[in-house]
Amino acid sequence: MDDSRIETLAVGHGEDPGETHRGDVVSPIHLASTFALPELDADLSLEDVDPADGQFLYSRLNNPTRHALEQRLAALEGGDHGFAFASGTSAIATAAMACVEPGDHVVAFDDLYAGTRRMFETLLRDRFDVDVSFVDATDPENVADALRPETTLVWMETPTNPLLKLCDVEAIADLAHDAGARLGVDNTFLSPYFQRPLELGADVVAHSTTKYLNGHSDSVGGALVTSDDAFAEEVGFLQQVGLGNVLAPFDAYLVLRGTKTLAPRMRDHEANALAIAEHLESRDEVEAVHYPGLESHPQHDLARIQQSGYGGIFSFELAGDLQDAKRFLEALEEFSLAVSVGGVESLVELPAAMTHEPIPKAEREAQGITDTLVRMSVGIEHVDDLVRDLERGFDAMQRAPANR
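Chemist: Which residues make up the overall build of the chain, and what values go with them?
Modeler: Of regular secondary structure, the chain possesses 14 helices and twelve strands. Taking 2.2 N^0.38 as the reference for a compact globule, 404 residues should give roughly 22 Å; the C-alpha atoms of the chain span a radius of gyration of 22 Å, in line with that estimate. Projected onto its principal axes, the C-alpha coordinates of the chain cover approximately 80 × 50 × 35 Å. Going through the 404 residues of the chain one by one, you find that 54% of them count as buried. Surface summary for the chain: the accessible area is close to 17,100 Å², and the carbon and sulfur share equals 49%. Each charge class in the chain can be summarised by its mean position, and for the 29 positive and 71 negative side chains these summaries are 8 Å apart.

Chemist: Explain a negative patch on the surface to me, and be specific about the residues and the numbers.
Modeler: Judged by side-chain charge, Asp80, Asp229, Glu233 and Glu234 come together as a negatively charged surface patch. Of note, Asp229 is situated in helix H8 (residues 229-242). Overall, the relative accessible area of 52% leaves Asp229 in the exposed class.

Chemist: Give me the lowdown on a nonpolar patch on the surface, citing residues and values where you can.
Modeler: Nonpolar side chains collect at one region of the surface, where Ile29, Leu31 and Phe250 lie side by side and expose about 300 Å² of accessible area between them. Residue classification places Phe250 among the partly exposed residues on the basis of a relative accessible area of 43%.

Chemist: How would you explain the sheet that holds strand E9 (residues 313-318) if you had to name every residue and give the values?
Modeler: Pairing within the open sheet is mixed, and its five strands lie in the order E8-E9-E12-E11-E10. The strands lining the two open edges of the sheet, one partner per strand, are strand E8 (286-290) and strand E10 (336-337). The sheet contact formed by E10 and strand E11 (residues 347-349) spans two bridges and is parallel. By the bridge assignment for E11, Leu337 is matched with Val348.

Chemist: Any details on the nonpolar core? Residues and values, ideally.
Modeler: Generally speaking, soluble globular proteins have nonpolar side chains that are buried together. Ranked by internal contacts, the top residues of the largest apolar core, which has 46 residues, are Phe120, Val154, Trp155, Met156 and Leu183. The dominant element in this core, judged by the number of residues it contributes, is helix H3 (residues 88-97), at five residues. Sequence-distant contacts of Val154, defined by excluding residues within four places in its chain, comprise Val107, Val143, Leu147, Ile172, Ala176, Ala181, Arg182, Leu183 and Gly184.

Chemist: Hey, could you go over helix H12 (residues 322-331) for me, with residue numbers and the actual values?
Modeler: It helps to recall that an α-helix has 3.6 residues per turn; residues three or four apart then point in one direction. What H12 keeps buried is the set Asp324, Ala325, Phe328 and Leu329. The arc that holds the buried residues of H12, viewed along the axis, is 125°, so those residues lie on one side. Looking at the buried positions of H12, the neighbouring elements they touch are E9, E10, E11, strand E12 (373-377) and helix H14 (383-398). The N-cap residue of H12 is Asp321: its side-chain oxygen and the backbone nitrogen of Gln323 are 3.1 Å apart.

Chemist: Any chance you could break down the pairing of strand E3 (residues 131-135) for me, citing the residues and the numbers?
Modeler: Sheet analysis places strand E2 (residues 105-109) next to E3, joined by five bridges and oriented parallel. Within E3, the residue paired with Phe109 across the bridge is Val135. For the handedness criterion, the β-α-β arrangement of E2, helix H4 (residues 114-125) and E3 is classed as right-handed.

Chemist: How would you sum up the sheet that holds strand E4 (residues 151-157)? Please name residues and give values.
Modeler: The sheet built from seven strands is open, its strands ordered E1-E7-E6-E5-E4-E2-E3 with mixed pairing. With one partner strand each, in any of the chains shown, strand E1 (81-85) and E3 form the two edges of the open sheet. Strand-to-strand, the axes of this sheet are offset by a mean angle of 20°, without reference to chain direction. Taken strand by strand, H3 contacts E1, E4, strand E5 (182-186), strand E6 (204-208) and strand E7 (222-226), and its axis lies near 35° from that of E7. The strands touched by H8 within the sheet are E1, E5, E6 and E7, with E1 carrying the most contacts at an inclination of about 25°.

Cut-offs used in this document
Throughout this document, residue positions are counted from 1 along each chain, in the order its sequence is written. For this predicted model, a pLDDT threshold of at least 70 governs which residues receive local features, and a threshold of 80 or more governs which side-chain atom pairs are given and counted, while totals over whole chains, interfaces and linings are taken from all residues. As a rule here, side-chain values cover all heavy atoms of the structure and leave hydrogens and water aside. Only runs of H or I of at least four residues qualify as helices and only runs of E of at least two qualify as strands under DSSP, and these elements are numbered from the N terminus. With C-alpha atoms as the basis for the radius of gyration, the globule rule is written as 2.2 Å multiplied by the number of residues raised to the power 0.38. Residue burial is assigned from relative accessible area. The probe radius is 1.4 Å, only protein chains are included, and a residue is buried under 20% of its type maximum, exposed over 50%, and partly exposed in between. Note that accessible areas follow from Shrake-Rupley with a 1.4 Å probe, and for residues the cover is restricted to the protein chains shown. Only four residue types enter the tally: Lys and Arg on the positive side, Asp and Glu on the negative side; His and the chain ends are excluded. To locate a charge, the coordinates of NZ of Lys, CZ of Arg, CG of Asp or CD of Glu are taken. Residues enter patches when they are more than 30% accessible in relative terms and free of salt bridges; like-charged ones are connected within 9 Å and nonpolar ones (Val, Leu, Ile, Met, Phe, Trp, Tyr) within 5 Å. Every case where a carboxyl oxygen of Asp or Glu lies within 4 Å of a side-chain nitrogen of Lys or Arg is listed as a salt bridge. Any two strands with at least two DSSP-identified bridges between them are counted as paired. Within this scheme, the nonpolar core is defined by two criteria: the residues are buried Ala, Val, Leu, Ile, Met, Phe, Trp, Tyr or Cys, and they are joined through side-chain atoms within 4.5 Å. Contacts were defined at the residue level, with two residues in contact if any of their heavy atoms lie within 4.5 Å. Working definition: the arc comes from the directions between the helix axis and the C-beta atoms, pointing outward to the latter. Under the rule applied, a polar contact is a pair of N or O atoms within 3.5 Å (in protein, one hydrogen donor and one hydrogen acceptor; residues adjacent in sequence only if both atoms are side-chain atoms). With its strands directed away from the observer, a crossover is right-handed exactly when the path from the first strand over the helix to the second travels clockwise. To obtain each axis, a line is fitted to C-alpha atoms, and for helices this fit is confined to the stretch in contact; angles are then taken between N-to-C directions over 0 to 180 degrees.

Printed below as a string of C-alpha cells:
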C-alpha cells in the first residue's frame, strides 16, 4: 500500500502516466463499452481478467477510468478495495445486500440521512424481510442493547445528517465484531481528509462521491472501501454482475479530478464553517447551533479524538416558526436554497420541507428535526461575504409582520 500522505494520494494515486504508454498525467476518459482481446483463449474467465495488469473485457465489469478512481478511493480511505457506484444510495444498498439475508437483523443510527433510512425500511425490512432497529447511537450502550444473534450489519453515519450527531466508531466496532456483525460507516460529511473509519475498526466505508470527493456539484456517484477480502468479493459480484450498478467513465473522471483538490477545499470549508457557526451562536435569532467544532457541541471531545477536523456542514435552529425560516432562507443571495452538500458553493436547506419531508412530522420532531432547523453546507467563498448574506436573512426575519 502507498504510504504517501493524503494530499499526495489525492493528486496522483491510481493515475500512472506509464500505464497509458502516452504519458497522460490525467487518466483518459475511456468511453469504450468493450475491449478487444489479443487472442482467443478458451480458458478465459472473468476472474482471469485483472485490471491491475491492464486487462479489461467489458466496461460493466471494469473500465480503466473507473479503475483509476477505485484505486484512489481505496488509498484515500486506507483500504485495500475500492468500488465506484452510480450513486451513494446504490453503494449503501450494495453494502447492505452483501451482508444480509432474509431473517437477518440490522442495527442503524436513528439519525440517518432520510434516503438511507427509507431504503433500509422499504427495501431491507419490507421487501427482504430483514428486521431493522434504529437506535440513538450517540451512546454505544444503545447499540449493545439492540444487538441480537441474528444481527449481521451495524450501519452508522458520523456526523449524522442533519443534526451532526457523532458515534464512537471504535467502541461500536468492538461491539459489532463481538456480535459477529460487520460495521459500515457513511463518511460522506467529513471525507477521508477529516476521518478514516477503517482505522477506527469499521469494516466498510461508504461515500456519496457527489459531495466532497467530487466537490463541484456536477457528478452523482457513490463509493465503498473495505479491506475485508470476502466482503469485497461479494460487493464486486453485486456491483459488476448481480446488479450491474457502476459509475460511468465520465463521472469517474470528474471525481478523479475533484479529489485532486480535496485537501485544500476541506481546509477552506472547515475554516469558513467554524467562523459562521461561531457567528450564528452569537445571534439572538438562533436558538442552537449543531457543529462538532464548537465547544458547545455535546460530543466535541469525541470529535477531537476520532476526527482530524470538523468539516463544512452544520445545522442550526432559528427562533420562531416555519414562516420565519422561510423569510430567512428566501432572503439569502450567496447561499443557494438547494439540497445536497459538499460543493465549492454554499448551500442551505430546510430539512423538514426538503430532504426529510417524506418522514412523518411527528417522527421528524421526535428525532429533533423541527420546522426551523436549517442545514448549511458552507462553501469556499470569502467568509465575510457569507456572513453579510446571513445578515440579509436576519433582517428579513425582523421585518416580519407583528400580527401574523
